[in-house]
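Structure at a glance
Okay, here's what each chain looks like letter by letter:
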Amino acid sequence: MKFTLRWLSICCLLALAGCSSLGVKPWERDLLARDDMLMNADALDLAYDEHIYFSKEASSGGQGFAGGGCGCN
Amino acid sequence: MQLSKKRIAGLLSAATCSLLCTPAQARDEWNVDSAVLYYGESDGRIKLVEPVIAARKDLGDDEIVSLKLVFDALTGASANGAVPSTMPQTFTSPSGKSTYTVAANDTPLDPSFHDTRVAYSMNWDKPTDRTHRRNLGFNLSHEYDFTSLGFNGMWQIDSNQKNTTWSYGANLELDAINPVGGAPEPLTDMLAQDKNSGAESRNIVDLLFGVTQIIDRSSLFQVNLSLSQANGYMTDPYKLVSVVDSSSGQPLRYLFENRPDSRMRSSIFAQYRKMMPSKDILTASYRYMTDDWGVKSNTFDLSYRFRLGERYYLQPNVRYYQQSAADFYRYFLVDGEPLPAEVSADYRLGEMDATTVGIKFGEDIDGRHQWSLRLEQYLQSGDSSPPEAFGQLTQQDLYPDVTATIVQFNYSFVF
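Thresholds, definitions, all that
Residues numbered from 1 in each chain as written. Chains lettered and ligands numbered in written order. Predicted model: local features only at pLDDT ≥ 70, side-chain atom pairs only at ≥ 80, totals over all residues. Helix = DSSP H or I, 4+ residues; strand = E, 2+ residues; numbered from the N terminus. Rg over C-alpha atoms; globule rule 2.2 N^0.38 Å. Buried ≥ 20, exposed ≤ 12 C-beta atoms within 10 Å, placed from the backbone. Contact = placed C-beta atoms within 7 Å. Pairing = 2+ DSSP bridges. pLDDT = per-residue confidence, 0-100. Core = buried A, V, L, I, M, F, W, Y, C linked by C-beta atoms within 7 Å.

Time to look at the overall build of chain B. Counting its regular elements, chain B contains 1 helix and 25 strands. A globule of 415 residues ought to have a C-alpha radius of gyration of about 22 Å, and chain B, at 23 Å, matches this closely. Each principal axis of the C-alpha distribution contributes one length, and for chain B these read about 70 × 45 × 35 Å. Taken over 415 residues, chain B has a buried fraction of 44%.

Structural data, given as structure tokens:
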């Protein structure tokens, strides 16, 4: 919990300090609007990866929710 | 019997990024993504075939509904947690109705493992006003010894002329576990087969907070913070721990493992994506996770998509993962020493690292049909000769490598 609160505070500060000077105008979004620039492009690949790594390692989630699962093999 | 929540992660990752993440879509058309995965470990261990079909439709005004159906079939042998021995070892199968024998110096694998799973999920993504968006989801996963029901919600707020998107959400998961042969009484001898016939249960609450920031015309950055609290039955009912003789290191008996009945995890995930002037795309991500079981992990992921003309691409990727061991992880227990309250010899809770190297080739046929093929190799390694080994254990591989081949074919279309 302390870990999360610490990082939450850092991220909020960075976001408030830096985000206002970053970004593009609406007419400059042509590249960012492409499907392959989506943060979750290749969603099925991500889902498969989560499945595999969840089953073989002690960590999960991050990009999405960690969930639970049985992990019995 | 483990996955279930992968699809949650997949579908909800959509909600953790900005409105940018909503693909352009025509009304009255379904966008369908289908795929089949083959995952095969060497040495006769786990093999998995998993077909998936997912469809999404724009209902108008950027309101999108998504459905997903997953089926998977698992076969093969799974490490039961016991250490190898210079003598053959005989184990009782999880059902308690049969036995299997492992040859001398071989890693004990339970060959009776097989499973099939069906999972459904549904998401509803809708703008609530010009700068707010809401995503609600539901999922159900069922296999013969495990059922999972999940509900999730994610909210997004755009600011800074839609260059910054704040996301926050929660996931509730309710699991029912019905182990084959019953749930073993923790830390009891395998031969006693002291098991409870009733179902076990567990619930998990996940919270996620994220920020997606557009940096410039060709790059963006995302940071997520996650907190997960699980309560209930966390033990693997099929895993054993060897109790070895204090001088020879030979296994004397096998106990059923026992894990804490709660787990709190925290993680930070960061991802950067940039399109090069050549239209190649670089994606880099990092995750740090820690929990109150003592596990700390670092995950690095890097991919680069080369554009090969207008239609084709080639995408190599590499992933490196490293974790520390859970506090209660033991390779084995020593006869005569006090029995710990919690102990597991599950290799997935041990100290290890893993590397994945892969390549993907894809084609966008006509803007409405795409296919791709992905090949990957996974290698997981731990300390095969830990300092606590003695006697015959020093001759054994106490953490055998896991190597796996992954082949995945995707086909997407619009109708």
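That covers the picture; the talk isn't over yet.
We now examine the environment of Asp189(B). All names here are of chain B. Structurally, Asp 189 is set in the loop between β12 (183-184) and β13 (195-196). Assessed through the 15 C-beta atoms surrounding it within 10 Å, Asp 189 is described here as partly exposed. C-alpha of Asp 189 to C-alpha of Tyr 38: the two residues are 151 residues apart in sequence and 36 Å apart in space. Contacts of Asp 189, omitting those with residues within four sequence positions, involve Arg 253 and Leu 255.

This next bit is on the environment of Lys360(B). All names here are of chain B. Following the sequence through the fold, Lys 360 ends up in strand β23 (residues 352-364). Look at Lys 360 and you get buried, because 20 C-beta atoms sit within 10 Å. Each C-alpha atom, one on Lys 360 and one on Gln 395, is 40 Å from the other, the two residues being 35 residues apart in sequence.

Residues and elements named next belong to chain B. Read from one edge to the other, the open sheet built from 3 strands follows the order β17-β16-β22, with strand pairing classed as mixed. The open sheet has two free edges, formed respectively by β17 (251-256) and β22 (333-334), since each of these has just one partner strand. As paired elements, strand β16 (residues 240-244) and β22 share 2 bridges and run parallel to each other. Note on β22: the bridge partner recorded for Val 244 is Val 334.

Turning to the pairing of strand β20 (residues 296-308) of chain B, a few remarks are in order. Residue and element names in this part refer to chain B. Note: strand β19 (residues 281-291) against β20, 10 bridges, orientation antiparallel. Residue pairing for β20: Ile 281 is matched across the bridge by Arg 305. The hairpin turn running from β19 into β20, its antiparallel successor, is 4 residues long, and Gly 294 in that turn takes a positive phi close to 95 degrees. Bridging between β20 and strand β21 (residues 312-323) involves 10 bridges; their strand directions are antiparallel. Each bridged residue has a counterpart across the sheet, and for Thr 299 the counterpart in β21 is Tyr 321. The turn joining β20 and β21, which pair antiparallel and follow one another in sequence, is formed by 3 residues; a positive phi near 75 degrees is taken by Gly 309.

Residues and elements named next belong to chain B. With a phi close to 65 degrees, Asp 62 is a non-glycine residue in the positive phi region. Within the secondary structure, Asp 62 sits in the loop between β2 (47-60) and β3 (63-75). The partly exposed category is assigned to Asp 62, around which 14 C-beta atoms lie within 10 Å. At Gln 161, a residue that is not glycine, the phi angle is positive and equals roughly 55 degrees. Within the secondary structure, Gln 161 is located in the loop between β10 (146-159) and β11 (164-177).

This part covers the confidence of the model for chain B. The predicted model of chain B averages 92 in pLDDT, with 93% of residues at 70 or higher. For this predicted complex, the interface confidence reaches an ipTM of 0.91, while the overall pTM sits at 0.90.

Attention now moves to the nonpolar core. Val83(B), Leu240(B), Val241(B), Tyr254(B), Leu255(B) and Phe332(B) are the most contacted members of the largest nonpolar core, which has 24 residues in total. Looking at this core, the elements that each hand over two or more residues are β16 and β17 of chain B. Ranked by residues supplied to this core, first place goes to β16(B) with 4 residues. Setting aside chain neighbours within four positions, we find Leu240(B) in contact with Asn80(B), Gly81(B), Ala82(B), Met190(B), Tyr254(B), Leu255(B), Phe256(B) and Glu257(B). Counting 22 residues, the second largest nonpolar core, distinct from the first, contains Ile52(A), Leu48(B), Tyr321(B) and Met352(B).

All right, on to the pairing of strand β24 (residues 369-382) of chain B then. Taken residue by residue, a regular strand's side chains alternate between the two faces of the sheet. All names here are of chain B. As paired elements, β23 and β24 share 13 bridges and run antiparallel to each other. Along β24, the bridge assignment pairs Glu 363 with Trp 371. From the end of β23 to the start of β24, which pair antiparallel, there are 4 residues, and Gly 367 there has a positive phi angle of about 90 degrees. Here β24 pairs with strand β25 (residues 402-414) via 12 bridges, running antiparallel. Paired with Ser 372 across the bridge in β25 is Asn 410.

The next point concerns the environment of Gly150(B). All names here are of chain B. Along the chain, Gly 150 falls in strand β10. With 26 C-beta atoms counted inside 10 Å, the residue Gly 150 sits in the buried group. For the pair Gly 150 and Ser 266, spaced 116 residues apart in the sequence, the C-alpha separation amounts to 20 Å.

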